Structures are given as structure tokens and as C-alpha cells.
Amino acid sequence: MSAELYLTDQHRAIQEMVRNFAEKEIRPIAAELDEHSTYPEELYRKMASLGIAGVTVPEELGGMGADVMTYAIIMEELSRGYASVADQFGLVELIGTLMTQHGTKAQQDRYLRPLLKAERRCAYALTEAEAGSDLAGLKTTAEKQPDGSWVLNGGKLWIHNAPVADFACVLTRTDKAAGHRGMSIFVVDRDMPGYSVGKKEKKMGQRASQVGALHFDNVRLPPDALLGPEGRGFHIMMSVLDKGRVGIGALALGILQAALDASIAYAKQRRQFGKPIAAFQAIQWMIADMAKDAHASRLMIHAAAAKLGAGEKASLECSMAKCFAADAAMTHTVNAVQVHGGSGYIKGIEVERLMRDAKITQIYEGTNQIQRMIMARQLLGEAAQG
Ligand SMILES: Cc1cc2nc3c(=O)[nH]c(=O)nc-3n(C[C@H](O)[C@H](O)[C@H](O)COP(=O)(O)OP(=O)(O)OC[C@H]3O[C@@H](n4cnc5c(N)ncnc54)[C@H](O)[C@@H]3O)c2cc1C
């Protein structure tokens, strides 16, 4: 992969540093983390000591104080090592952004600073049994009490980090009559009475990411557990999605790049009919298409990151980049298994894991169908509503 000419020297230095770290510290342990579905606590502490957590969080709050492009670059490189590690990094960035933009000083001291040092673990809890793509179905409620405190009841599903998180940012309904304007976000500590964690899910891929349910049974929250203004939860949550999509696009690209690297190496080394399989056009074309779509994904992700970083509205570009990179990662990891023949189907061979790791990128951070809906609305305006 050639360095893109538009990247600054600082971007390239960080890219090289994270690539080396991923190659030395992440990729060698990825198969084992996948096999045992392990949360790599020590690795996350090492990553925090590199000073890259909270890429766009200002330095005075403990972050890196860098731009969205840097975030995209780091996500791709981490994911090239192992997507679950990038997924964790992206979650920290998302909560870091929320806390930077909407947290009080007390919340930033209590949650954000320890999060960026990997001393506390977070979760971002939106999804429920009847509220997936359509959050209008949200049933978790927080009811305001006469003394200003809140009582939280409900449950969340498939929440990344739920089994290990010390605190969760939870989207709730605070006004049943007010639709999207009736939602608010609360920061809820794991040790609060009434907070409980459901079983850890067994997943197809990205198996080092711990995913599970959260239950809230009359959890009494102090007034200062509210993150941002009451009734603005949905809008706050939406405001971080564009950056989240750049991140997941870059994560998908990291998987695709790893599949391409592995396919090139295997095609040169594996011989059949007296030649390396790289000499067969069928293999060449799969590899050429992988490289073409990795390049296109990278350009789309970087263009979206640049626009977002410049403070411009970039929802269309962010949705396009996430959707394109995720679809490309899925298509080409399947082809990478094909390039590897029977060995690609065997556990322990990298492309077998990459194919499983790619699938979720088409589902989380808004499914690719939802991304296409967003694009269509931007392109067609009200006509898209029928
Ligand atoms: C591994 C994993 C990690 C996750 N992490 C988190 C997390 O940390 N926090 C969190 O809150 N959630 C998390 N989720 C949940 C994830 O965000 C949802 O699964 C996702 O938003 C889709 O919701 P759903 O599964 O209910 O699917 P549904 O919304 O029920 O969709 C089912 C299918 O219908 C399609 N569909 C739905 N509506 C439309 C429409 N209008 N037009 C066309 N097609 C449509 C979808 O694209 C999909 O193909 C995670 C899920 C998984 C599996």
C-alpha cells in the first residue's frame, strides 16, 4: 500500500507507528483471542500508554488532540492486526467524543480520563429487543423523581463491552409523548443497585469483542448522571454517528487489506500444475479486484474524514464510505478464502477469521441497508419518503 500523497508527515508517522505496533503486538495473538474469545486487557493498557486513545479528544482532557483523518488511519492499521482491537478503540473514541462535547467537568474527570488510560471500560447502549435500526421502539425508561433523581428500568441487547464495562452510556426514554425529542442519555455505573449484566453472547466473528445484555431494575440515578440536556439524547447520539461510520469503514478496510496481503503471499507461494497459483488469471483477477476496492475504500474513507474534520456536513460521504468498505470487506474476504483453497477453510489460517470478522461491519453502526436509506434521502430529498 503506497502512502497517500495528501497525508501529512504527522499522519504518516502515526500510520507507521500503529502499523508496526499492530504487526508486532496484535496480529500474532489475534488467532488465540478469537479462539478463546478473550478480552485483551493488557494489550489495551499497552495501547493506552502509546497515547493514541481518544484521537479527537483534546489533549487537556487526556486525548490525542488529533484530527478525524488520524482516527481513520489508526482504525485501519489496528484492524489490519485484529478487528476486535480496532472495534474497542472505536468505542472509546465514540464515548470520548460524547464526553468531550456533552460531559460536565465532573463527568469528564470521573469517566473520560480513566477511560483514555484504559483504567475504566465503557459501553454504549442503544439497541433493545424491539429497537434495532428503528430506535423509535425504545422501551427503556428513566422517570424523573420529585427530588431531581431518576429511576431507570429496561434492558439493552448485544451491547459491545456489556460483560466487562464499568459504566454504560444508556439511551432512554424520558418523555413517552415526545418521540425522538423524548430521549435522554445517562451514564450508569456497573456497581449501582439494580444494574445487572446478561450472558455473554457467542459470536461468529470479532470474538475478542465482548457482547451481551444489560438489565436495569429500578436503578436510582443522581441528577448528574444525565449526559447532555434532557430530551436531546437521540440528537446527541446521531451527532457522533458520522465519525463512527468513518471508523467502522476504516475497520472494514483493515480487514480487507489484511485479506489482500495474505492472498498475495499465498498466491506466490502455493504451486499447482507446476506453477505458482499467482500465474493463473482467475487468481490474478480476484487479487486485482481486492486491491482496487481496498484503494477505493481508502479514498472514500479519507475523503469523508477530511470533510468531517473540516467541520462540514458529511453524512452522505460517511454513509457511502462505511457501506462501500463493509461490502468490499465481505466480498473480498470470501474471495481470499477461495484463493487459499481448502486451507482457507481451516481454523488458524488468517483469512478464515477475516471472513467471519468482516460480516458484522455490514450490520453494526447502522446496517448497510440503513446507510443506503441515508444516501437516498440525501440524494432524493422528500421524494424518497413517498
Ligand atoms: C456484534 C454486535 C455488536 C453490537 N454492538 C452494539 C453496541 O455496542 N451498542 C448498541 O446499541 N448496539 C449494538 N449492536 C446492535 C446493532 O447496532 C444492531 O444489531 C443493528 O443496528 C441492527 O439492528 P437489528 O439487529 O435489530 O436489525 P433490524 O433493525 O431488525 O434489521 C433486520 C434487517 O432488516 C433491515 N432493515 C431494517 N429496517 C429497514 C428499512 N427501513 N429498510 C430496509 N431494510 C431495513 C436491516 O438492514 C436488516 O437487514 C451490536 C450488534 C452486534 C451483532
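Every value quoted in this text rests on a predicted model; they were computed, and no experiment measured them.

Draft legend 1. Local environment of the overall build of the protein chain. Along its length, the protein chain carries 11 helices and 10 strands. Taken over the C-alpha trace, the protein chain has a radius of gyration of 21 Å; the compact-globule value for 386 residues is 21 Å, and the two agree within 12%. Oriented by its inertia axes, the alpha-carbon framework of the protein chain measures out at about 80 × 50 × 40 Å. In the protein chain, buried positions account for 54% of the 386 residues. Entry remark: accessible area of the protein chain is about 16900 Å², with carbon and sulfur atoms responsible for 56%. The distance from the centre of the 44 positive side-chain charges to the centre of the 44 negative ones in the protein chain is 4 Å.

Draft legend 2. How the structure looks around the site of the ligand. Around the ligand, the surrounding shell holds 17 residues, and the nearest of these are Tyr124, Thr127, Ser133, Thr367 and Gln369. Here a nitrogen atom of the ligand and a backbone polar atom of Tyr124 are 2.8 Å apart. Interatomic distance of 2.8 Å between a backbone N/O atom of Leu126 and an oxygen atom of the ligand. For the ligand, the accessible surface in isolation is 970 Å², of which the surrounding protein chains cover 61%. Looking at the shell around the ligand, the elements with two or more residues in it are β1 (122–125), β3 (150–160) and α11 (368–380). Broken down by element, the shell around the ligand gets its largest block of residues, 3 residues, from β3. Summarising the domain contributions, the shell around the ligand has at least three residues from each of domain 2 (122–236) and domain 3 (241–385).

Draft legend 3. Up close: the layout of surface pockets. Quantified by volume, the second largest pocket comes out at close to 200 Å³. Every residue along the wall of the second largest pocket is listed here: Thr56, Val57, Val68, Thr97, Thr100, Gln101, Ser239, Val240, Asp242, Lys243 and Leu308. Within the residue set of the lining of the second largest pocket, elements represented by two or more residues are α4 (83–102) and α7 (241–269). No other element matches the 3 residues that α4 contributes to the lining of the second largest pocket. Structurally, the lining of the second largest pocket is a two-domain feature, drawing no fewer than three residues from each of domain 1 (9–116) and domain 3 (241–385).

Draft legend 4. Looking closely at the packing of helix α9 (residues 315–339) against α11. Where α9 meets α11, the closest approach of the two axes is 9 Å, and the angle between their N-to-C directions is 145 degrees. Of the two possible hands of crossing, α9 and α11 adopt the one that is left-handed. Residues Ser315, Leu316, Ser319, Met320, Lys322, Cys323, Ala326 and Asp327 of α9 form the contact with α11, whose own contacting residues are Asn368, Gln371, Arg372, Ile374, Met375, Gln378 and Leu379. Residues belonging to the contact of α9 with α11 are distributed by class as follows: 7 nonpolar, 5 polar and 3 charged.

Draft legend 5. Empty space enclosed by the protein, seen in detail. As enumerated under the stated definition, the model contains 2 cavities of 30 Å³ or more in all. The space that makes up the largest cavity amounts to roughly 190 Å³. Looking at the largest cavity, it is lined by 15 residues, and the ones nearest its centre are Tyr44, Gln88, Val92, Leu115 and Ala118. When contributions to the lining of the largest cavity are tallied by element, the ones reaching two or more residues are α2 (41–49), α4 and α5 (105–116). Residue classes in the lining of the largest cavity are distributed as 11 nonpolar, 1 polar and 3 charged. Within this model, the second largest cavity holds a volume of roughly 40 Å³. Along its surface, the second largest cavity is lined by Tyr71, Gly90, Glu93, Leu94, Thr97, Val240, Lys243 and Gly244.

Draft legend 6. Main features of the packing of aromatic side chains. Under the counting rule described, the total for this entry stands at 5 aromatic pairs. Aromatic pair Tyr39 and Tyr44: ring centres 5.2 Å apart, planes at 70 degrees, arrangement edge-to-face. This pair shows no difference in class: Tyr39 is buried, exactly as Tyr44 is. When the ring of Tyr195 is compared with that of Phe216, the centres are 5.7 Å apart and the planes differ by 70 degrees; the resulting orientation is edge-to-face. Here Tyr195, found in strand β6 (residues 195–200), pairs with Phe216, found in strand β7 (residues 211–221); they are 21 residues apart in sequence, far enough to count as distant. The buried category is assigned to Phe216, whose relative accessible area is 3%.

Draft legend 7. Structural detail: the pattern of salt bridges. Using the criterion set out here, one finds 29 salt bridges in the structure. A salt bridge links Asp261 to Arg80; its shortest N-O distance comes to 2.9 Å. Within this pair, whereas Asp261 is found in helix α7, its partner Arg80 is found in helix α3 (residues 68–81), the two being separated by 181 residues in sequence. Overlapping salt bridges bring together Glu23, Arg27, Glu350, Arg353 and Asp357 as one network.

Calculation notes
- Residues numbered from 1 in each chain as written.
- Predicted model: local features only at pLDDT ≥ 70, side-chain atom pairs only at ≥ 80, totals over all residues.
- Heavy atoms only, no water.
- Helix = DSSP H or I, 4+ residues; strand = E, 2+ residues; numbered from the N terminus.
- Rg over C-alpha atoms; globule rule 2.2 N^0.38 Å.
- Buried < 20%, exposed > 50% of the residue type's maximum accessible area, 1.4 Å probe, protein only.
- Areas by Shrake-Rupley, 256 points an atom, 1.4 Å probe, with all protein chains shown as cover.
- Lys, Arg positive; Asp, Glu negative; His and termini not counted.
- Charge placed at Lys NZ, Arg CZ, Asp CG, Glu CD.
- Near = heavy atom within 4 Å.
- Polar contact = N/O pair within 3.5 Å; in protein donor to acceptor, adjacent residues only side chain to side chain.
- Domains from an automatic or database assignment.
- 1 Å grid on protein atoms, 1.4 Å probe; cavity = no way out; pocket = protein on both sides within 12 Å on 5 of 7 lines; lining within 4 Å.
- Points joined across faces, edges and corners; volume = space filled by probe spheres on them.
- Axes fitted to C-alpha atoms, helices over the stretch in contact; angles between N-to-C directions.
- Left-handed = near helix turned anticlockwise from the far one by under 90°.
- Contact = heavy atoms within 4.5 Å.
- Nonpolar A, V, L, I, M, F, W, Y, C, P; charged D, E, K, R; others polar.
- Phe/Tyr/Trp six-rings, centres within 6.5 Å; stacked < 30°, edge-to-face > 60°.
- Salt bridge = Lys/Arg side-chain N within 4 Å of Asp/Glu carboxyl O.

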